[in-house]
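Okay, here's what each chain looks like letter by letter:
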Amino acid sequence: MAASLKIAKSALRKEIKRDIAKLTDTEKQWQSEHVVRKLFQTPQYQKSQRLSVYLNMQDEIQTETVVKHVLSLGKMCYIPRYIGPVMDMVRLYSMTDYNCLPETSWKIKQPKDDEEREEALATGGLDLIIVPGLAFTKDGLRLGRGKGYYDTYLSRCQTTAKTKPFTIALAFYEQMRGSVPTSKEDVPVDLVLYDDMMKGDL
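Residues numbered from 1 in each chain as written. Predicted model: local features only at pLDDT ≥ 70, side-chain atom pairs only at ≥ 80, totals over all residues. Heavy atoms only, no water.

Of all the 8 residues making up strand β2 (residues 76–83), 6 are buried; the element is thus mostly covered by neighbouring parts of the structure. Handedness of the crossover joining strand β1 (residues 50–53) and β2 through helix α4 (residues 64–72) is recorded here as right-handed. Across 7 bridges, β2 lies against strand β3 (residues 86–92) in antiparallel orientation. When the bridges of β3 are listed, Ile79 appears paired with Val90. Counting the residues in the hairpin turn of β2 and β3 gives 2 residues, including Gly84, whose phi is positive at 60 degrees. (Buried < 20%, exposed > 50% of the residue type's maximum accessible area, 1.4 Å probe, protein only. Helix = DSSP H or I, 4+ residues; strand = E, 2+ residues; numbered from the N terminus. Right-handed = clockwise from strand over helix to strand, strands pointing away. Pairing = 2+ DSSP bridges.)

Looking now at the pairing of β1. Side chains Arg50 and Ser52 of β1 all project onto a buried face; the interleaved residues Leu51 and Val53 project onto the opposite face, where all are buried too. Strand direction decides the pairing type here: β1 and β2, joined by 3 bridges, are parallel. Along β2, the bridge assignment pairs Leu51 with Cys77. Summarising the sheet, β1 and strand β4 (residues 128–131) pair through 3 bridges and their orientation is parallel. Bridge pairing links Val53 to Ile130 in β4.

Okay, the layout of surface pockets next. Roughly 590 Å³ of internal volume is contained in the largest pocket. Around the largest pocket, the lining comprises 30 residues; the ones closest to its centre are Gly144, Arg145, Gly146, Lys147 and Gly148. Listing elements by their share of the lining of the largest pocket, those giving two or more residues are α1 (3–21), β2, β6 (142–143) and α6 (149–160). The dominant element in the lining of the largest pocket, judged by the number of residues it contributes, is α1, at 4 residues. (1 Å grid on protein atoms, 1.4 Å probe; cavity = no way out; pocket = protein on both sides within 12 Å on 5 of 7 lines; lining within 4 Å. Points joined across faces, edges and corners; volume = space filled by probe spheres on them.)

Ranked by internal contacts, the top residues of the largest apolar core, which has 57 residues, are Leu39, Met89, Ile129, Tyr150, Tyr153 and Leu170. For this core, the leading source of residues is α6, giving 5 residues. With sequence-adjacent residues up to four places away left out, Leu39 is seen in contact with Tyr45, Val66, Ile130, Ile168, Leu170 and Leu193. (Core = buried A, V, L, I, M, F, W, Y, C linked by side-chain atoms within 4.5 Å. Contact = heavy atoms within 4.5 Å.)

Now for the sheet that holds strand β8 (residues 191–194). Either a parallel or an antiparallel arrangement is found when strands of a sheet pair, and the pairing is made through backbone hydrogen bonds. Spatially, 6 strands are ordered β3-β2-β1-β4-β7-β8 in an open sheet, and the strand pairing comes out mixed. Among the strands making up the open sheet, the edge pair consists of β3 and β8. Along the sheet, successive strands turn relative to each other by an average axial angle of 25 degrees, direction set aside. Lying over the sheet, helix α2 (residues 25–41) contacts β4, β7 (166–171) and β8, oriented at roughly 140 degrees with respect to β8. Here α4 sits on the sheet and contacts β1, β2 and β3; the angle it forms with β1, its principal contact strand, is near 165 degrees. (Axes fitted to C-alpha atoms, helices over the stretch in contact; angles between N-to-C directions.)

Turning to α4, its buried residues number three or more, namely Val66, Val67, Val70 and Leu71. Projection of α4 onto a plane perpendicular to its axis shows the buried side chains occupying an angular sector of 125 degrees, all on one side. Directly beyond the C-terminal end of α4, a positive phi value near 80 degrees is found at Gly74. (Arc of directions from axis to C-beta.)

With that out of the way, let us pick up the pattern of salt bridges. Evaluation of the coordinates by the stated rule reveals 12 salt bridges. The shortest N-O distance in the salt bridge between Arg177 and Glu15 comes to 2.9 Å. Within this pair, whereas Arg177 is found in the loop between β7 and β8, its partner Glu15 is found in helix α1, the two being separated by 162 residues in sequence. Of the charged contacts in the structure, one is a salt bridge between Asp88 and Arg156, with a shortest N-O distance of 3.0 Å. Residue Asp88 is found in strand β3, and its partner Arg156 is found in helix α6; the two are separated by 68 residues along the sequence. Here Asp88 falls in the partly exposed class, since its relative accessible area comes to 21%. (Salt bridge = Lys/Arg side-chain N within 4 Å of Asp/Glu carboxyl O.)

In structure tokens, the structure reads:
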């Protein structure tokens, strides 16, 4: 990665984190509820049967409601498990299962490293991936946290399952930008959902 691109990405990450830090918990919850309602209305979500949902950090759209909804509809729900540089999508079976998950140092729930779980790519792949991130454009450019977990996993999907799942990002309005610095390794998302009520256009 060119030094100038790395600097631009780092600067935008810091800017986004500052903007999100200004949101109150009530504002985060309100935006999360609005964005999640949008997700539930998309045809890609409605027709999906095998999907992965990220479990949110404090500066991300809240997804527990999504997990509950997915499970209530009888869809197969997968969640990220990070072990070193590798992210897998492993099966989540119920809200009881969810509530029993331990927390990582990032303060997100995740199954234990040594716990055997069904991995999505080993059993048929995924229809839909709900993607987190720090910054987005309306046309799908995405800036993550710099680890490359989702870019790498999407590449694995194409290699293993021979298809790329539809990807939907969930974002606070404060995460939206007119442009985002990216490289050829950064995989855009298919759809970005964000709270645009009572806000100016981008």
